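# Chains, contacts and geometry: an overview
If you want the building blocks of each chain, they are given just below.
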Amino acid sequence: MTAPDAPSTTTDDELVVTWTCPDRPGIVHAVTGACVGAGGNLTELQQFSSDDTGRFFMRLQVRGMTSAQDLTAAVSGIAPAFGASVHVDRLHRPVRTLLLASKASHCVSHLLFNRDAGRLPIDVVGVMANHPDLADLAAFHGVPFSWQAVTKDSKAEFEQAVLDVVDREQVELVVLARYMQILSPRMCEALSGRCINIHHSFLPGFKGANPYRQAHERGVKLIGATAHFVTGDLDEGPIIEQNVQRVDHSRTVAQLTAVGQDTESMTLAEAVRLFCEHRTFIDGRRTVVFR
């Protein structure tokens, strides 16, 4: 399938084909042959066969096509013979994205700055939050902002409002940019495969408030961050990207927090980029990521 409302292409554009199916001989030959037969020139190809699940994953970039529909027809035509799921999109097309946030600004700011700088192919339809703190930041970047206090009684109402925006604005990706609420199982199911969260990565694990203060008290030597797909298993979804920074006993709580927030921001932005460039595949409880 092609992306919804994907713009028409010129021969200078590159298209991305993603392909997933049960592993068997002849897949690469068939898919690349279909692309070339449709008039495309392959500029990048990555593939992986999963011994764990028996699935085959492939990502191709194709140049020289005047129509995404022609390439879609070519690869979709052979997909049934392989039991394959196939998707065609224009490389660097801005992905319709909704940001969920609370009070912390670092991840939202980093994502919007990189969007403005042309480094991140996202079309941010809005920021929705459970606190009003980021209204000015969103306004500075020209992004619609709304907020609603989320309590036990109002959580379902807020989540429905999010899903309404997702449906109305044709949102393809929801990013939890330090949104400090646990999503309900219903929400996780509705956003399966298109919701990314960022989480600080500490050993030992520090739960609750002020994880960086707890890290300082325990003298951690590494500060990290993990970006992952959201599932019903809290903070255990398939991992997309991870990073760590080395620290030592001389760092104050404020310095540890700064290092941690920078790491979170960069890790989340990289995970979003990988998703938007169609480089991430879910393979059971883990991901296949083509760099």
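Note that the coordinates shown come from a computational prediction; the quantities given were computed from them, not determined experimentally. (Residues numbered from 1 in each chain as written. Predicted model: local features only at pLDDT ≥ 70, side-chain atom pairs only at ≥ 80, totals over all residues. Heavy atoms only, no water.)

Attention shifts here to the packing of helix α7 (residues 211-218) against helix α8 (residues 253-276). For the pair α7 and α8, interaxial distance at closest approach is 9 Å and the crossing angle is 120 degrees. When the axes of α7 and α8 are compared, the pair comes out oblique. Crossing of α7 against α8: the hand is right-handed. Where α7 abuts α8, its residues Y212, R213, A215 and H216 lie against V253, L256, T257, G260, Q261 and E264. (Axes fitted to C-alpha atoms, helices over the stretch in contact; angles between N-to-C directions. Helix = DSSP H or I, 4+ residues; strand = E, 2+ residues; numbered from the N terminus. Parallel < 35°, antiparallel > 145°, perpendicular 65-115°, else oblique. Left-handed = near helix turned anticlockwise from the far one by under 90°. Contact = heavy atoms within 4.5 Å.)

Moving on to the sheet that holds strand β7 (residues 145-147). Taking strand neighbours across the sheet as the criterion, the 7 strands line up as β7-β6-β5-β8-β9-β10-β11 in an open arrangement whose pairing is mixed. On the outer flanks of this sheet lie β7 and β11 (239-246), each paired with one strand and no other. Within this sheet the neighbouring strands show an average axis-to-axis angle of 20 degrees, counted without direction. Strand direction decides the pairing type here: strand β5 (residues 95-101) and strand β8 (residues 173-176), joined by 4 bridges, are parallel. (Pairing = 2+ DSSP bridges.)

Under the defined criterion, the tally for this structure stands at 5 aromatic pairs. Both rings, one in F158 and one in Y179, keep their centres 6.0 Å apart while their planes meet at 20 degrees; by these two values the pair is stacked. In this pair, F158 sits in helix α5 (residues 155-168) while Y179 sits in the loop between β8 and α6 (185-190), placing the two residues 21 residues apart along the sequence. Taking the relative accessible area as the measure of exposure, Y179 reaches 6% and is therefore buried. An angle of 65 degrees between the planes, with centres 6.2 Å apart, marks the rings of F229 and F275 as edge-to-face. Here F229, found in strand β10 (residues 222-229), pairs with F275, found in helix α8; they are 46 residues apart in sequence, far enough to count as distant. Summarising the burial analysis for this pair, F229 and F275 share the class buried. One aromatic cluster is present, formed by F57, F281 and F290 through successive ring pairs. (Phe/Tyr/Trp six-rings, centres within 6.5 Å; stacked < 30°, edge-to-face > 60°. Buried < 20%, exposed > 50% of the residue type's maximum accessible area, 1.4 Å probe, protein only.)

Turning our eyes to something else, we now look at the nonpolar core. Judged by nonpolar contacts, the single largest core of 31 residues is most densely connected at V108, L111, I196, L268 and V272. Among the elements of the structure, β5, α3 (106-116), β6 (122-129), α4 (135-140), β8, β9 (195-201), β10 and α8 are those that each provide at least two residues to this core. Not counting residues up to four positions away in its chain, the partners in contact with V272 are L111, L120, I122, L173, V175 and I196. If you look at the next biggest cluster of nonpolar residues, it comprises 22 residues, including L15, I27, C35 and F56. (Core = buried A, V, L, I, M, F, W, Y, C linked by side-chain atoms within 4.5 Å.)

Of note, the phi angle at R178 is positive, near 65 degrees, even though the residue is not glycine. Its place among the elements puts R178 in the loop between β8 and α6. One non-glycine residue with positive phi stands out, namely H278, at about 60 degrees. Structurally, the position occupied by H278 is in the loop between α8 and β12 (280-283).

With that out of the way, let us pick up the side chain of T32. Here T32 is to be found in helix α1 (residues 27-37). Here the side chain of T32 touches V28 through a polar contact of 2.6 Å, landing on its backbone oxygen. A distance of 3.3 Å separates a polar atom in the side chain of T32 from the backbone oxygen of H29. Those residues within four positions of T32 in sequence are excluded, and the remaining contacts are L42, L45 and L60. (Polar contact = N/O pair within 3.5 Å; in protein donor to acceptor, adjacent residues only side chain to side chain.)

Further remarks concern the environment of G219. Mapped onto the elements of the fold, G219 is located in the loop between α7 and β10. You can call G219 partly exposed: its relative accessible area is 28%. Expressed as a C-alpha distance, the spacing of G219 and H249, which sit 30 residues apart in the sequence, is 5.8 Å.

Quick look at the sheet that holds strand β2 (residues 41-49) now. The 4 strands lie next to each other as β2-β3-β1-β4, forming an open sheet whose pairing is antiparallel. Unpaired on one side and paired on the other, β2 and β4 (85-90) mark the two borders of the sheet. Geometrically, the sheet is characterised by an average inter-axis angle of 10 degrees between neighbouring strands, direction not taken into account. Relative to the sheet, α1 contacts β1 (14-22), β2 and β3 (55-63), its axis offset from that of β3 by approximately 20 degrees. Its contacts with the sheet place helix α2 (residues 68-82) against β1, β3 and β4, and it is angled at close to 10 degrees to β1.

Honestly, that's just the spatial picture; any functional story needs more than this.
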